[in-house]
Amino acid sequence: MAPARRALALILSCSAFGAFAQQPADGWQAGAVLDLSASSRSLALGQRDQGLGLGHSDLSVHGPLGRHFQAQATAAAHTLDGNLEVELEEAWVQTRTLPAGLQLRAGRFSSQLGYLNEQHPHGDDFVQRPLLYRAFLGGHWFDDGVRINWTAPTDLYFRLGLEVFRGRELVQEAAAARRPGALVLSARSGGDLGRSQSWQAGLSLLHNRREALVEDHGDEEGAEAGEAHEDAHAHGAAFSGRRLWVADLTWKWAPEGNNRQQQLRVSYEHALVTRPNRFATRSDRHQAAYLAVVYRFAPAWEAGVRADVLRVRQPHEDHFDDGRLREAAAMLAYKPSHAQTLRVQFTRQQDRGGFPAANRSVQLSTSSTSAPMHPIPSETRSPWWRAALAACALCGAGSAQALSVFTCEPEWAALVRQLAPAAEVRSATHARQDPHHIEARPSLIAMLRKADLAVCTGAELEAGWLPMLQQRAGNPRVQKGAPGLLFAAEQVALIDPRAPGSVFEGDVHAAGNPHAHLDPHRLLQVAAAVAARLEQVDPAGRDGYRARLAAFQSDWRARIAQWEQRAAPLRGMRVAAQHSTFAYLWRWLGIVQVADLEPKPGVPPTPGHLQKVLEGVRGTPPRALVVSAYQDPRGVEWLAQQLGSGVTLLQLPSTVTEEAPADTLAGLFDHLIERLLAARR
């Protein structure tokens, strides 16, 4: 067994630091996470060893099983008490095409109890999870069982779930072990409060039928009350009971919804455990709560604080003793990209009885994620299968309802509105948001749940959030391979394809640059594909879609000729730009980008990199420095000042906006050309 463990640890290390992102022909993908940490001291109920240790690291594969199912398997490794523990954390199969917002999952998976449990630990804001999870759920509770979820077809996100588990991973040594061992009922709702705020709330109930062994603390042992719990197994509950109630509330704020630049997150959870064992009275119960506040004050920096309290009744045969533990944590995290995190945290515990191992600790952790690429839906489905899915979509929509279209970006919403003016079209993002970094908010899940057609960019642009929306929406019409899902990047030839690289190379799009909408010629190709897909999901509107496509093509070709004539003076113009957002526009208009203001793709400009750019272009400065409307221009403003008055700083919209003059596709190109011409003069 030891060689197998060492081999898995080696795989995890190589995968996280290398290019472990595969795209097999059948759609299966793999990814890995490596989490390393160093702690000055161990903590009560802690799950990080003193000194160097391996945090929650994993190797995961997932993909489709035929047309109706998807599967995932995850092997995880971590160190505990100096030993390397390796376990199968996930191995499940889930439906993709059940009607009416239903989803069924079976196998080994994490319960959706509470706010954090279903999330992988490497996605947490703090080095260790709150006391609530470490005490009552072993930090991260996964088990063998079955889950059924229902998502309501409403504007307000609402989901009900039922899970039935064996329960062995929660209470490993049970005095009474009934089957099934644990049942979980959960409800979750959420929505937006304007453009800048979102919220979600949940209520969960765990009914545990596995009664933990009654502990024997005889006089000959001389043990303190809490010592048996302080070194609990990493995935076993230190304190359990017949019922566990968990209520959670989370509020998030980001200016204009652009969480890439700035965000405030506030989370609160409270848990109550009743009937710890057969000797417990109604007053013998465990409680825990935490309040966490995390502030992203710059694109790559976050700071947070968390306050925890744990109150337990510790069983001693037929009686109970009080246990109290408080914990306060403060952390600072550096995230140069979505795949890398370096975090330092100070934690202080206070023993109020029963937890003599309470301590203070400084912890440093670093995690690297080799995330799988966004899957490109297979186009090899047989015609009868696509026709069947289209029929399902029509049945679900109902003849009296307008076609509902979900788009990931505003440019596709504008295009669909021209081809299908009677459709209900909603965009998940707007011009002041970075489409690479969007949260899968409850409101977006609700939007996708009702959609008959989803139009997105693809080429990994939405890889960080669209798959989660698809999984949680429970809408078979917009799953991989269904006619109700279209990726614009699949309809055109992309520029600048790159081999998958290390996570340290930034946000690399291996399939090519996804921002093809800024080439009007490629936009014509996408328009034809969108019209064809509209026909497929809504055959009754075929004649209208074809007529509007023909009108759009005629008008668009005439506009292209006018734009190219008007923009002729821009040919050869030299610019420096942040990110590759406008690469298609530059290539079409003959503009030359002489410098990239990002040190790596997706990484905001740093003072050191801007100094290098300054030294490289000082002799022949570019006419303009270009940033997108959603990007912070402050660093580039310094560069513009250093280069002098002959250089113009342009903050341009990279997509259709909600206000004139760029509130249509044609208006967007008119506006971009006019702004560039003004900088050229």
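In this text, all values refer to a predicted model and were calculated from it rather than measured experimentally. (Residues numbered from 1 in each chain as written. Predicted model: local features only at pLDDT ≥ 70, side-chain atom pairs only at ≥ 80, totals over all residues. Heavy atoms only, no water.)

### Quick notes on a positive patch on the surface
Okay, so step 1: Where like charges cluster on the molecular surface, the positive patch consists of Arg-41, Arg-311, Arg-326, Arg-348, Arg-352 and Arg-360.
Okay, so step 2: Topologically, Arg-348 is positioned in strand β16 (residues 340-351). (Patch = residues over 30% accessible without salt bridge, like charges linked within 9 Å, V, L, I, M, F, W, Y side chains within 5 Å. Areas by Shrake-Rupley, 256 points an atom, 1.4 Å probe, with all protein chains shown as cover. Salt bridge = Lys/Arg side-chain N within 4 Å of Asp/Glu carboxyl O. Lys, Arg positive; Asp, Glu negative; His and termini not counted. Charge placed at Lys NZ, Arg CZ, Asp CG, Glu CD. Helix = DSSP H or I, 4+ residues; strand = E, 2+ residues; numbered from the N terminus.)

### Brief notes about the sheet that holds strand β24 (residues 624-628)
Okay, so step 1: As summarised here, the arrangement of the four strands in space is β23-β22-β24-β25, forming an open sheet in which the pairing is parallel. A strand with exactly one partner marks an edge of an open sheet, and here the two such strands are β23 (592-596) and β25 (648-652). With direction set aside, neighbouring strand axes in the sheet form an average angle of 30°.
Okay, so step 2: Pairing between β24 and β25: five bridges, direction parallel. When the bridges of β25 are listed, Val-627 appears paired with Gln-651.
Okay, so step 3: Contacting β24 and β25, helix α13 (residues 665-680) runs over the sheet at an angle of about 175° to β25. (Pairing = 2+ DSSP bridges. Axes fitted to C-alpha atoms, helices over the stretch in contact; angles between N-to-C directions. Contact = heavy atoms within 4.5 Å.)

### Considerations on the side chain of Asp-284
Okay, so step 1: Position of Asp-284 relative to the elements: it lies in the loop between β12 (263-274) and β13 (285-298).
Okay, so step 2: Side chain to side chain, Asp-284 and Arg-313 meet in a polar contact 2.9 Å long.
Okay, so step 3: The residues contacting Asp-284, other than those within four sequence positions of it, are Arg-275, Pro-276, Phe-279, Arg-313 and Phe-320. (Polar contact = N/O pair within 3.5 Å; in protein donor to acceptor, adjacent residues only side chain to side chain.)

### Quick word on the pairing of β23
Okay, so step 1: Strand direction decides the pairing type here: strand β22 (residues 574-577) and β23, joined by four bridges, are parallel. Bridge pairing in β23 links Ala-576 to Ala-595.
Okay, so step 2: For the handedness criterion, the β-α-β arrangement of β22, helix α10 (residues 583-589) and β23 is classed as right-handed. (Right-handed = clockwise from strand over helix to strand, strands pointing away.)

### Some remarks on the packing of aromatic side chains
Okay, so step 1: Counted according to the given criterion, the structure contains 12 aromatic pairs.
Okay, so step 2: Ring geometry for Phe-552 versus Trp-556: centroids 5.2 Å apart, planes at 20°, classification stacked. With Phe-552 and Trp-556 both in helix α9 (residues 542-566), this residue pair falls four residues apart, about one helical turn. Here Phe-552 matches Trp-556 in class, with each residue buried.
Okay, so step 3: An angle of 85° between the planes, with centres 6.0 Å apart, marks the rings of Trp-588 and Phe-669 as edge-to-face. With a gap of 81 residues between them, Trp-588 in helix α10 and Phe-669 in helix α13 connect regions that are remote in the sequence. (Phe/Tyr/Trp six-rings, centres within 6.5 Å; stacked < 30°, edge-to-face > 60°. Buried < 20%, exposed > 50% of the residue type's maximum accessible area, 1.4 Å probe, protein only.)

### Overview of the state of the cysteines
Okay, so step 1: One pass over the full model with this rule turns up one disulfide.
Okay, so step 2: The disulfide partner of Cys-408 is Cys-456, and the gap between their sulfur atoms is 1.9 Å. When the S-S torsion is 55°, as for the bridge of Cys-408 with Cys-456, the disulfide is right-handed. A residue pair is termed long-range when its members are at least 10 positions apart, and Cys-408 in the loop between β18 (404-407) and α5 (410-419) and Cys-456 in strand β20 (residues 453-456) qualify at 48 residues.
Okay, so step 3: Residue class for Cys-408 comes out buried when judged on its relative accessible area of 0%.
Okay, so step 4: The class of Cys-456 is buried, set by a relative accessible area of 0%. (Disulfide = S-S within 2.5 Å.)

### Structural notes on the sheet that holds strand β19 (residues 424-427)
Okay, so step 1: Read from one edge to the other, the open sheet built from four strands follows the order β19-β18-β20-β21, with strand pairing classed as parallel. Either end of the sheet is taken by a strand with one partner, and the two such strands are β19 and β21 (485-487). Direction aside, the axes of adjacent strands within the sheet are offset by 15° on average.
Okay, so step 2: In terms of strand pairing, β18 meets β20 through three bridges, oriented parallel. When the sheet's bridge partners are listed, Thr-407 is paired in β20 with Val-455.
Okay, so step 3: Contacting β18, β19 and β20, α5 runs over the sheet at an angle of about 165° to β19.
Okay, so step 4: The strands touched by helix α6 (residues 442-449) are β18, β19 and β20; relative to β18, the strand with the most contacts, the crossing angle is about 135°.

### Observations regarding the confidence of the model for the protein
Okay, so step 1: In this model, the protein carries an average pLDDT of 85, and 85% of its residues clear a pLDDT of 70 or more.
Okay, so step 2: Confidence drops under pLDDT 50 across residues 216-233; counting only partners more than four residues distant or on other chains, this segment forms 32 contacts.
Okay, so step 3: Low confidence marks residues 372-400, where pLDDT is under 50. Its contacts with residues over four positions away, or in another chain, come to 58 contacts. (pLDDT = per-residue confidence, 0-100.)

### A few points about the pattern of salt bridges
Okay, so step 1: Within the structure shown, the criterion is met by 33 salt bridges.
Okay, so step 2: Arg-195 is the salt-bridge partner of Glu-256, the closest N and O atoms lying 3.1 Å from each other. A residue pair is termed long-range when its members are at least 10 positions apart, and Glu-256 in the loop between β11 (243-253) and β12 and Arg-195 in the loop between β9 (174-193) and β10 (197-212) qualify at 61 residues.
Okay, so step 3: The class for Arg-195 is partly exposed, based on a relative accessible area of 36%.
Okay, so step 4: The partner of Arg-306 in a salt bridge is Glu-327, and the shortest N-O contact between them spans 3.4 Å. Here Glu-327 lies in strand β15 (residues 319-337) and Arg-306 lies in strand β14 (residues 301-316), a separation of 21 residues in the sequence. Glu-327 matches Arg-306 in its accessibility class, with the two residues each being buried.
Okay, so step 5: Taken together, the salt bridges that share partners define one network made up of Asp-125, Arg-265, Arg-296, Glu-302 and Lys-335.

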